[in-house]
Number of protein chains: 2
Amino acid sequence: MPSVRKAKSEGTKNVRARHVTRKLVELGGSVLEEVRKERNPKLYIPQRALSNVRFNAKQSIIELGKDRQARSFFNVGMSKKFMQTFLVAQACKQLLDEGKTTSIRDLYYMVKHTIADSKVNTFEDQPESDAILEDLEVTVDSLREELNLFASNRGAMVGNVTLTDSGDTIDCRRMGSGGYSVPSIVEPDVVQFNKINADFILLVEKDAVWRRLNEDRFWQEYRCILVHGGGMPPRGVRRLIHRFMSEAGLKLYVFVDNDPWGYYIYSVVKQGSINLAYESIRMAVPTAKFIGLSAFDRERFDLPEDDKLKMTEQDLARARQIQAYPWFQKKTWQREIQKMLENGLKFEIEVLSGKRISFVTEDYLPHKFSHPEEMLD
Amino acid sequence: MPSVRKAKSEGTKNVRARHVTRKLVELGGSVLEEVRKERNPKLYIPQRALSNVRFNAKQSIIELGKDRQARSFFNVGMSKKFMQTFLVAQACKQLLDEGKTTSIRDLYYMVKHTIADSKVNTFEDQPESDAILEDLEVTVDSLREELNLFASNRGAMVGNVTLTDSGDTIDCRRMGSGGYSVPSIVEPDVVQFNKINADFILLVEKDAVWRRLNEDRFWQEYRCILVHGGGMPPRGVRRLIHRFMSEAGLKLYVFVDNDPWGYYIYSVVKQGSINLAYESIRMAVPTAKFIGLSAFDRERFDLPEDDKLKMTEQDLARARQIQAYPWFQKKTWQREIQKMLENGLKFEIEVLSGKRISFVTEDYLPHKFSHPEEMLD
């Protein structure tokens, strides 16, 4: 068999890669400069602690504040992390130079080795390299995807859109029952939008519900794009939706189970998360609307009740926690969460199938779109 | 907005649906006949216990024996299950009649209700309806996919194949970085093969490795189809691979981590599992070969060693368990597992990235294909 040729993208660095590479080189250059001046070299890393995270109610996103911490080389507590930061930066530069992408698991293996003439490892385990990567992302203000690192490849898409992925044209109107598997890196140099004749995106929590809606061709009748993320949507799905919103002006409706986890998925998609506040600006979709299931749907749709649907102690605690979040302080949301607590019940979207297999397509969603006052913002 | 039309497939029952429906109707008919004759109606269900499972070494699959158990209506211990079997059969017939597919979660909601004038539920929880579904599958000798029920939608595919999915043409050579999302129902009435110019399938355990190989266009140079299942491949992926083998004569190579879980994935793909022995005949790929990682690759490729890679007590126990399975009794496999136990180490495929990002594409796999004696059968 023939030997495998070098990856086709190698050597043809694009604008993004050049831009990010420049930032990495500058980072190294500034430290080198300090060394030449015989000073103690330092890095300034934005703080990713809760104390430096705030909810911007006006823009409706969770964002990082301006606090920074110094990380210096001549400091017993910091020197290892200092070295690690540059190992990770070097690996990312290599990826960008070669035009290759890889996983954060791979990155760990790339940067891990035993330091010569010692028994000390550069990294002990992946959480260590993951944390350093997050430091680097905020320091050079780039998403990991811009550093050519990818997360998991979950989620599928069908609907009224044609796009180009790595030079291949993907018509999401003709993707059968399986759909287009959303890649984890969807930056503009990889994925470009061609023809969009959709008005909105419907993001569904579960693949089973997505499949039902695809089989019923919901996206065709309602001129939309149908996406699922297999639970909490992975970064690729969130970033793609963000691009649909910011570049094509599409609306987003989020369709989840009526339980605290469903509320949480909605909130992460809409305004980002505390842990990853620095990426909200490129991932969050502040205009997202919550289409259901709502705790009020219990009476609206006469949902069946059952002991098995009872919220556990853990569910109740989580709901109260969510009720206290600054981004759930709107009256409508307080009422919604209160109602869930009063119900004491959780409802999965699948509960609608107890009525009729296609009830979700033919009754539930059409009702919601003609009663926008029932949606939550 | 317009109302959603009925699913396009509704009413146009295909050959499979007619065939399976007939089996369900016969099942009901036979019981009705007993009732008319004023006998105690009975069902005969093949036993899915370990005692009724055997490894067919010649065909290299795990298969179900011929033991059956009676389930009768006038029996305090059986009458609820008897009723449940018919509720599930009725729901499946309805799905087939309407030409709709759904998840096993949905099925649970479809068959669950409180029996009139009582506080008794037909089903208490999903494990109950799942078990009854398995009974029904063996009784009418049909996979759940043939009963229009689907499992999870995981896994992606690229490579030298064009297929038709629900009337849409999918050219897997032009699916970008994301790939074609493998649906959970891939029966011949849904997915047809058009043009295959591939010699084999490479099934990869992890999506990250799949992505690396896709980016390097491995499938193009090696004329193959590249599939991942996100860990243990879901039923849709297994069934599709089975069809590629049986209908197009493609070979299958399985590429997994070197740990007991990797061995187990290989064995399930190759000969099926104990729990679901009845489906081996339509899911297993007895000709599958294990391409790596092998415990012997440690020396062959000078893999880095590390305390973090040490097998835990649990890993060691699992490896010994696997070593005792009848389908791992070949000398080559006994040596392989013994070597892992001696190493006391686990190796992820990602460990190869410590050498070079594309080592897996440019060195590891080419080496294996030119040294077939290193593969395991």
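Refer to the preceding data block for the structure.
Residues numbered from 1 in each chain as written. Chains lettered and ligands numbered in written order. Predicted model: local features only at pLDDT ≥ 70, side-chain atom pairs only at ≥ 80, totals over all residues. Heavy atoms only, no water.

Q: Is there a simple way to explain the sheet that holds strand β9 (residues 168–171) of chain B in this structure?
A: The pairing of strands in a sheet comes from backbone hydrogen bonds and takes either a parallel or an antiparallel form. All names here are of chain B. Sheet architecture is open: three strands sit in the order β9-β8-β11, paired in antiparallel fashion. Across the chains shown, the open sheet's two edge strands, defined by having one partner strand only, are β9 and β11 (191–196). Direction aside, neighbouring strands of the sheet carry axes that sit 25° apart on average. Pairing geometry for strand β8 (residues 161–165) and β11, over five bridges, is antiparallel. If you follow threonine 164 over to β11, its bridge partner there is glutamine 192. Those strands touched by helix α7 (residues 235–248) are β8 and β11, and its axis lies near 55° from that of β11. (Pairing = 2+ DSSP bridges. Helix = DSSP H or I, 4+ residues; strand = E, 2+ residues; numbered from the N terminus. Axes fitted to C-alpha atoms, helices over the stretch in contact; angles between N-to-C directions. Contact = heavy atoms within 4.5 Å.)

Q: In this structure, what is going on with unusual backbone geometry? I would like to understand it.
A: Trans is the prevailing form of peptide bonds, just as negative phi is the prevailing case for residues other than glycine. In the segment running from Gly292(A) into Leu293(A), the intervening peptide bond is cis, with an omega of -10°. Looking at where Leu293(A) falls in the secondary structure, it is placed in the loop between β15 (289–292) and α10 (297–300). Residues other than glycine seldom take positive phi values, yet Glu38(A) does so here, at roughly 55°. Here Glu38(A) is to be found in the loop between α1 (15–36) and β1 (42–46). Even without a glycine there, the phi angle at Arg223(B) is positive, about 45°. The topology assignment puts Arg223(B) in the loop between α6 (218–221) and β13 (224–228). Judged by relative accessible area, which is 37%, Arg223(B) ranks as partly exposed. (Buried < 20%, exposed > 50% of the residue type's maximum accessible area, 1.4 Å probe, protein only.)

Q: In this structure, what is going on with the relation of the copies chain B and chain A? I would like to understand it.
A: In this arrangement, two copies of a chain are superimposed by a rotation about an axis accompanied by a shift along the axis. Once turned by 180° and shifted 0.0 Å along the axis, chain B lies on chain A with an RMSD of 0.0 Å. Look at the turn and shift together and you get a two-fold axis relating the two. (Least-squares fit on C-alpha atoms with pLDDT ≥ 70 in both.)

Q: Hey, could you run me through helix α4 (residues 126–139) of chain A in this one?
A: Residues separated by three or four positions in an α-helix point in the same direction, a consequence of the helix having 3.6 residues per turn. In this model, α4(A) (14 residues) spans 20 Å end to end at C-alpha, consistent with the 20 Å of a helix rising 1.5 Å per residue. Of the residues trailing α4(A), Asp141(A) is marked for its positive phi of about 50°. (Expected span 1.5 Å × (residues − 1).)

Q: How should the packing of aromatic side chains be read in this particular structure?
A: Going through the model one piece at a time under the given rule, you end up with 46 aromatic pairs over all chains. Aromatic pair Phe200(A) and Phe369(A): ring centres 5.0 Å apart, planes at 40°, arrangement tilted. Of the two residues, Phe200(A) is situated in strand β12 (residues 200–204) and Phe369(A) in helix α13 (residues 359–370); the sequence distance between them amounts to 169 residues. Residue classification places Phe200(A) among the buried positions, given a relative accessible area of 2%. For Phe369(A), a relative accessible area of 14% corresponds to the buried category. Here Phe82(B) and Phe86(B) contribute two aromatic rings whose centre-to-centre distance is 5.3 Å and whose plane-to-plane angle is 45°, an arrangement assigned as tilted. (Phe/Tyr/Trp six-rings, centres within 6.5 Å; stacked < 30°, edge-to-face > 60°.)

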